[in-house]
Each structure stands twice: as structure tokens, then as C-alpha cells.
Amino acid sequence: MPAVHATDPTRSRLKVTVTRRLPEAVETRMSELFDVSLNAEDRRMSREELVAAMRVSDVLVPTITDHIDAAMLAQAGDRLKLIANYGAGVDHVDVHSARQRGILVSNTPGVVTEDTADVVMALILGVTRRLPEGMAEMQAGRWQGWSPTAHLGGRLGGRRLGILGMGRIGQAVARRANAFGMQVHYHNRRRLRPEVEAELQATYWESLDQMLARMDIVSVNAPHTPSTFHLLNARRLKLLKPSAVVINTSRGEVIDENALTRMLRAGEIAGAGLDVFEHGHEINPRLRELPNVVLLPHMGSATIEGRVEMGEKVIINIKTFADGHRPPDLVVPSML
């Protein structure tokens, strides 16, 4: 098991196990409030280590790298009462099984909205303006000077941006896209209120297929649920224009990565900017070879401010639970 240390052996406080390293300020505050075990090595815990932690903890603080299924929860014992997830997405936790066993699940919504939207725009710019190619040329010392036809990309102004998933992050992306002069379109489970649509200057498409066929750039901002798995499958990807660009900062499972890779290699899609991948950190090696693809290591929420705010939400959820109240960010199955 990764090196851990218990900051307080007393049993008068909740026993909390944190599965990965968190910002120092967050860990310090947790240590002041709870009997906490920290993962000093920041090494991903195995299934067996997670089960062992759940058997001795009142609260588990996992991250997206920790997949907690029904079989693991069945071994947790009676002590575990709260899974206070560090992050907004909870598709790595079997929320239904947890609730059936009397274990609450909380998350940290709304914290990474602006940070993730910034990265969406960075990926859009990176792909459409071919920034990684230019950076690689400069770093390799191959640049021979300015040329009228070198590194030609595309102008963002006037392009149609189709946002798949118009929640907090999708709306933040829309506001940024408006500032760049883009035309904002969206598909969502529920249409936004007219006043919100007007503010975002966004056009709603009831048919995802029809929207995809008309967009220049598609930004995926939908959570991973059973209904969104491979929402962009091979059939839907073939609806895109050959000049289209796909951006994904939500969950890799929403896109059929193999189909996307094949189409990028064949020139059937112009480019892609990906911060998440279908199989976690195991990235399709063919994606790495493509000059029209920008890959990032799931860093959409990677700001100091955002990560500290996530930790603060975790602490509030645990503290509220410890005081005998419902955690403010409680996740219930009907939300999924």
C-alpha cells in the first residue's frame, strides 16, 4: 500500500483516507479536522488497497483514478459511510451500489468550470492555428524564417461551434466563443431557458446528428453516463465535415476513440484536441503520431486555485456529514 501516515490516532474524530496527494493547504486543513491518512507517494492505489482503506475508514476521498465498483463496496464493511469524491465526475464510483449499502457519495461541482473552459479554447486555438507544430519546429531549431504560406491555420471568427452538453462548462465555453466571434450552437438533454439562450447567443439543435453535420468545431462537454457512452460513435463521426475539429475535455468514453483515430488518419476529420481518453492514461499510440492532434494529460482543471477549491468542497462535505447533516454536494442516482 502507498506510504500513509495517520496524523491523529484518536478515534473521537472521523477516520478519513485520501487516495492521492492533494494541495498542501488542503491536506493541512484535513489533518486539523480529521484523523486522516494521506498518500505521501501519490501512487495510484490498487483494488486491494482501496478495499483495505474502506474497511478502516469512515470516509474515503477518492479521485477519478480510483474505480470503485459494487464488488469492492461489498467488502467495505459497515464503517464506511461517506465517499467524498475529489472531483465533479463520479462515473468511477458505483453510486447506486453505494446508496444501497447506506454509503453517501458527494462530489465537488462547479469548481473547475472556468478552468476547463479555458482549456477548451486553448485546444481549439492549438488545433486550428497549428500551435504545437510551430512550437516543435522552434524547439528543434528547424525554423528558417517567415514565409507567406507556412503554418497556415484557420480563423476562429465566424466558425460554427457545436457544444455537446450545455451545463456549467458548456455555457462557459459559449461565453468565450462569443468573444472570439464564433457562432454558438448546442445540443443538450434539455433546452436552455430562452433568456439563457439569448445571453449566450446560442442556437439549440434537438437533433444531434443534424448539428454535427453542420459544425466547424465540436466541443464535447457532456458527462460519462450509460446514455453518453460512445455518443460520438463511428456513424456520428462520419457526419462531420472533413474540415471539422473535435475537442474533448469531458470524458474519453463519450467518443469512440478508435473510430476517431481512423478518421483522423484518413483525413476524414481535420483535427482533434483531446484532454481525456477512452482508456484513461493508456492512449492509442496512433494518436501520438498525428500532427493534426493536440493531446493534453487531463489538465483541464489543473490550476492551483481550482484544486484548492475542490479540496475545500471536500472538507465542507465531510464536516457537514460529521455534524449530522446532509453533505451540500450529495450525489443521488437520479442525478446521473
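Along each chain, residue indices are assigned from 1 in the same order as the chain's sequence is written. Whole-chain, interface and lining totals are the exception, using all residues; otherwise, since this is a predicted model, local features are given only for residues with pLDDT of at least 70 and side-chain atom pairs are given and counted only at 80 or more. To get the side-chain values, take all heavy atoms of the structure and skip hydrogens and water.

Should DSSP find at least two bridges between two strands, the strands are regarded as paired. Under the DSSP-based scheme used, a helix requires at least four consecutive residues in state H or I and a strand at least two consecutive residues in state E, with every element numbered from the N terminus. Within the open sheet, the seven strands sit side by side as β9-β8-β7-β10-β11-β12-β13. Their pairing is parallel. The open sheet has two free edges, formed respectively by β9 (202–204) and β13 (293–295), since each of these has just one partner strand. For this sheet, the mean angle separating the axes of adjacent strands, direction not counted, is 20°. Two elements, strand β8 (residues 183–187) and β9, share three bridges in a ladder whose sense is parallel. If you follow His 185 over to β9, its bridge partner there is Thr 203. Between N-to-C directions, angles cover 0 to 180 degrees, with each direction set by a line fitted to C-alpha atoms, over the stretch in contact for helices.

What follows concerns a nonpolar patch on the surface. Taken together, the side chains of Met 138, Trp 143 and Trp 146 make up a nonpolar region of the molecular surface, amounting to roughly 450 Å² of accessible area. Residue position: Met 138 is located in helix α6 (residues 131–139). A patch is a set of surface residues, each over 30% in relative accessible area and not in a salt bridge, joined within 9 Å for like charges and within 5 Å for the nonpolar side chains Val, Leu, Ile, Met, Phe, Trp and Tyr. Surface accessibility follows the Shrake-Rupley procedure with a 1.4 Å probe radius. Residue values consider only the protein chains on display as shielding. The working definition used for a salt bridge is a side-chain nitrogen of Lys or Arg within 4 Å of a carboxyl oxygen of Asp or Glu.

Turning next to the packing of aromatic side chains. Whether two aromatic rings pair depends on their centres lying within 6.5 Å, for rings of Phe, Tyr and Trp, where Trp uses its six-membered ring; planes under 30 degrees apart make the pair stacked, over 60 edge-to-face, and the rest tilted. Within this structure, the stated rule accounts for one aromatic pair. Taken together, a centroid distance of 5.2 Å and an interplanar angle of 50° make the contact between Tyr 186 and Tyr 204 tilted. On the criterion of sequence distance, the pair formed by Tyr 186 in strand β8 and Tyr 204 in strand β9 is long-range, its members being 18 residues apart. Side by side, Tyr 186 and Tyr 204 carry an identical accessibility label, which is buried. Only protein chains enter the area calculation, which uses a 1.4 Å probe; residues under 20% of their type maximum are buried, those over 50% are exposed, and those in between are partly exposed.

All right, on to the nonpolar core then. Residues belong to one nonpolar core when they are buried, are Ala, Val, Leu, Ile, Met, Phe, Trp, Tyr or Cys, and are joined through side-chain atoms within 4.5 Å. Counting 28 residues, the largest nonpolar core has Leu 237, Leu 240, Leu 260, Leu 264 and Ile 269 as the members making the most contacts within it. Counting only elements with at least two residues in this core, the list comes to α9 (208–212), β10 (217–220), α11 (257–265) and β12 (271–274). The greatest single-element share of this core, amounting to four residues, is contributed by α11. Residue contacts are counted whenever heavy atoms from the two residues lie within 4.5 Å of one another. When residues no more than four places from it in sequence are discounted, the contact partners of Leu 240 are Leu 212, Val 218, Val 246 and Ile 269. In terms of nonpolar packing, the next biggest core, distinct from the first, is built from 27 residues, Leu 156, Val 184, Leu 192 and Ile 247 among them.

Further remarks concern the domain arrangement of the chain. As assigned here, the chain comprises domain 1 (15–110 + 303–335) and domain 2 (112–143 + 150–295). Relative placement of domain 1 and domain 2: their C-alpha centres are 31 Å apart. Listed by partner, the interface residues are nine residues for domain 1 and seven residues for domain 2. The term buried area means the drop in 1.4 Å probe accessible area that two parts suffer when joined, counted for both and summed. Summed over both sides, the interface of domain 1 with domain 2 buries roughly 700 Å², with 46% coming from carbon and sulfur. It is Asp 91, Gly 110 and Thr 303 that lose the most area in domain 1 upon contact with domain 2, and together they represent 53% of the buried surface on that side. Between domain 1 and domain 2 we count one salt bridge in total. Between Arg 251 and Asp 91 there is a salt bridge, with the nearest N and O atoms lying 3.1 Å from each other. Any pair of nitrogen or oxygen atoms within 3.5 Å is treated as a polar contact; in protein, a donor-acceptor pairing is required on top of that, and neighbouring residues in sequence qualify only through side-chain atoms on both sides. The interface formed by domain 1 and domain 2 holds four residue pairs in polar contact (both at pLDDT 80 or more) in total. In this classification, the charged set is Asp, Glu, Lys and Arg, the nonpolar set is Ala, Val, Leu, Ile, Met, Phe, Trp, Tyr, Cys and Pro, and all remaining amino acids, among them Gly, are polar. Class assignment of the residues belonging to the side of domain 1 that touches domain 2 gives a composition of three nonpolar, four polar and two charged. Here the limits of each domain have been adopted from an automatic or database domain assignment.

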